[in-house]
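Okay, here's what each chain looks like letter by letter:
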Amino acid sequence: MSGPFTKEQMDMLYGKAADPVYYMRRQGNGFVYVWVNPVCQELFGIDLTGRSVEECMPRELALEIHKQYRIAIKRNERHLYRDYSLFSNRSSAMETELTPFSHEGVQYVLAVTKDVSEQKKIEEDYLFYQSLVQNSVDPMLMISADFTIIDMNPAYEKTFGVERYEWIGQKYDDIPQNKQKFFETGKLLLENSRSSHKSSSIFLSRIKSDGREAKFSASYSLIKENGIVRAFHVVFRELTNELLLKHELKRTENLLESYKDALNYAALVLIWDDSGRIEFANDNFKRLTGFDGSELTGVNIQLIGQAVLTRQQLTQLQAALNEGEIWRSEVRSLKKNGQAFWVDATIIPLFDVEGRIYQTLSILFDITDRKEMEEQLHHMAYHDPLTNLPNRRMMARHFHDMESKSSRTGDLVAVLYIDGDKFKEINDLHGHEVGDEFIHQFARALERSIRQRDVAARIGGDEFLILLPGISSFDSRKQIESIISRIQETLREGWLIDGKRFSPTCSIGSALYPEDGNEFDELIQKADKALYEAKKKGGGIVCFHGEA
């Protein structure tokens with residue numbers, strides 16, 4: 001199996017994943033399957049390994065896959081794409097996350113596909129509910145199971161002459177005495193509905209904002225979560241024609257089923273007003289983050305969760321909300337106890353009848369396990385498995401950062417190419433287990449010897465690289481020799497393995513940026529050449545590039 005990962009590593013990370021996972025290699029203008037997990041084998045019924053995308057997919061789909069893979073490679077960052085749009089007629093909805101990798105000049109893509117049909121339905125249901133409620137001419141109320149007013153639509157404010165901001169968060173017992181009569185009959189019905197788990201309707205009289213008494217039909221719909229009544233949705237319809245009224249009430253109740261389904265299935269739900277003040281959080285959100293209801297309600301969203309958004313994410317979120325669009329991304333947040341977690345966040349702006357954003361709805365799915373697996377995979381791609389030191393690919397990244405800083409400060413960067421003396425004898429005399437532990441201890445000795453800003457890496461066998469940034473051009477040789485002296489001294493102190501002490505020596509070749517070269521590979525070659533000269537002179541020798 002080619003690329004930066006072994007088959008064993010991929011089996012360990014994704015072998016039991018419930019979602020299809022494809023590990024692809026770019027070949028010409030197309031892509032070839034390098035590894036797929038068992039879920040893919042079941043979906044296709046054939047072994048995809050070694051086959052091209054064109055061989056396994058319809059032409060139109062293959063072209064779209066190629067397009068998305070190339071986007072990920074061009075951007076050189078994770079790329080998310082979906083094969084659906086909201087309110088489309090497709091019964092299924094799939095979303096694929098692509099992670100590009102480059103190894104020895106060859107491009108690879110890791111693709112993880114998941115079914116987001118349920119999430120598509122939730123987003124559609126919430127938007128449908130928003131359109132239904134906010135644009136309805138009928139007054140509507142949302143009341144929690146403990147009789148706290150959660151929300152009301154503009155029609156309710158206008159019809160009964162109340163201000164929404166004065167009522168949201170109020171319990172029945174906290175409402176002024178002269179206003180409690182508005183809810184007295186309804187509260188009794190809600191209490192009966194909560195125990196019987198049945199929706200119902202009643203007829204009642206109310207004083208409208210113009211002072212006129214009118215008769216209304218109030219339809220009470222239960223919102224449940226895991227079989228428990230969490231809230232009530234109340235729709236008022238002024239009586240005109242009783243038969244027509246009953247028909248319309250039934251129709252309204254059926255439409256509201258979509259909203260109830262969405263609330264029941266959403267993993268985590270959070271709603272805040274236009275000032276950022278939290279108005280609603282479902283139990284799943286509280287359970288995951290460790291906050292209870294009293295801590296959340298009325299608190300500004302910026303103080304909850306401590307979401308970590310990149311500058312690009314913040315710009316995209318604000319732009320989407322300003323345009324009244326849905327924003328979607330993966331966000332890292334912190335729980336109440338400071339523990340990190342990841343969510344797949346869908347942020348939806350909700351509009352009032354005048355087209356202004358009055359609430360923001362956040363639908364979140366916990367993806368912490370997947371993100372931790374991805375981080376583990378990324379670590380494996382850039383670190384040596386035996387010593388946990390960076391590998392050559394990671395060192396190239398470190399050098400790029402050091403090179404940028406060097407161009408600003410005028411300091412030099414030293415490259416040390418280190419080769420252990422007589423390492424092969426360790427394996428031959430003591431076996432591979434002792435040999436592996438010896439390599440591990442050798443790596444720790446290098447880490448103890450260098451400065452905090454220096455970076456050590458294992459690039460294979462008994463060969464190591466060290467990058468030393470911030471070397472002054474005034475006395476560069478003296479600074480480098482001082483660090484090398486510490487390395488040699490730490491190695492002489494040695495360590496014990498199975499009761500036997502080892503005190504190894506090493507040969508070192510050194511090159512300097514930018515004096516000896518401007519490119520990472522060029523500097524390694526020159527340091528390697530200097531190392532070759534040191535090895536010819538015997539163990540424990542140091543040579544600098546350009547020395548005879």
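All of these numbers come straight from a predicted model, not from anything done at the bench.

Draft legend 1. Molecular detail of the sheet that holds strand β18 (residues 463-471). The five strands are arranged β17-β18-β16-β21-β22 in an open sheet whose pairing can be described as mixed. For this open sheet the edge positions go to β17 (455-460) and β22 (542-544), each flanked by a neighbour on one side alone. Averaged over all pairs of adjacent strands, the angle between strand axes in this sheet comes to 20 degrees, irrespective of strand direction. The sheet contact formed by β17 and β18 spans five bridges and is antiparallel. For A456, the partnering residue across the bridge sits in β18 and is I466. Its contacts with the sheet place helix α16 (residues 432-449) against β16 (412-420), β17, β18 and β21 (506-513), and it is angled at close to 10 degrees to β18. Helix α18 (residues 520-536) contacts β16, β18, β21 and β22 of the sheet and is inclined by roughly 145 degrees relative to β21.

Draft legend 2. The arrangement of the pattern of salt bridges in detail. Across all of its chains, the model carries 30 salt bridges by this definition. Between D384 and R458 there is a salt bridge whose closest N-O contact spans 3.2 Å. Here the residue D384 occupies a position in the loop between α13 (368-382) and α14 (392-409), and R458 occupies one in strand β17, the gap between them amounting to 74 residues. Judged by relative accessible area, D384 falls into the buried class, the value being 11%. For R392, the salt bridge goes to D521, with nearest N and O atoms at 3.3 Å. With a gap of 129 residues between them, R392 in helix α14 and D521 in helix α18 connect regions that are remote in the sequence. A relative accessible area of 37% means that R392 is categorised as partly exposed. Judged by relative accessible area, D521 falls into the partly exposed class, the value being 42%. Overlapping salt bridges bring together R78, E97, E330, R370, K371 and E374 as one network.

Draft legend 3. Region of interest: α14. For α14, with 18 residues, the first-to-last C-alpha span of 25 Å sits near the 26 Å given by 1.5 Å per residue. Those residues of α14 not exposed but buried are M394, M395, F399, M402 and S406. Buried residues along α14 cover an arc of 135 degrees about the axis, so they all sit on one side. Among the exposed residues of α14, those oriented more than 90 degrees off its buried face are D401, S407 and R408. Here the buried face of α14 lies against α13, β16, β17, β18, β21 and α18. The N-cap residue of α14 is N391: its side-chain oxygen and the backbone nitrogen of R393 are 3.2 Å apart. Immediately beyond the C-terminal end of α14, within one or two residues, lies G410, with a positive phi of roughly 85 degrees.

Definitions and cut-offs
Residues numbered from 1 in each chain as written. Predicted model: local features only at pLDDT ≥ 70, side-chain atom pairs only at ≥ 80, totals over all residues. Heavy atoms only, no water. Pairing = 2+ DSSP bridges. Helix = DSSP H or I, 4+ residues; strand = E, 2+ residues; numbered from the N terminus. Axes fitted to C-alpha atoms, helices over the stretch in contact; angles between N-to-C directions. Contact = heavy atoms within 4.5 Å. Salt bridge = Lys/Arg side-chain N within 4 Å of Asp/Glu carboxyl O. Buried < 20%, exposed > 50% of the residue type's maximum accessible area, 1.4 Å probe, protein only. Expected span 1.5 Å × (residues − 1). Arc of directions from axis to C-beta. Polar contact = N/O pair within 3.5 Å; in protein donor to acceptor, adjacent residues only side chain to side chain.

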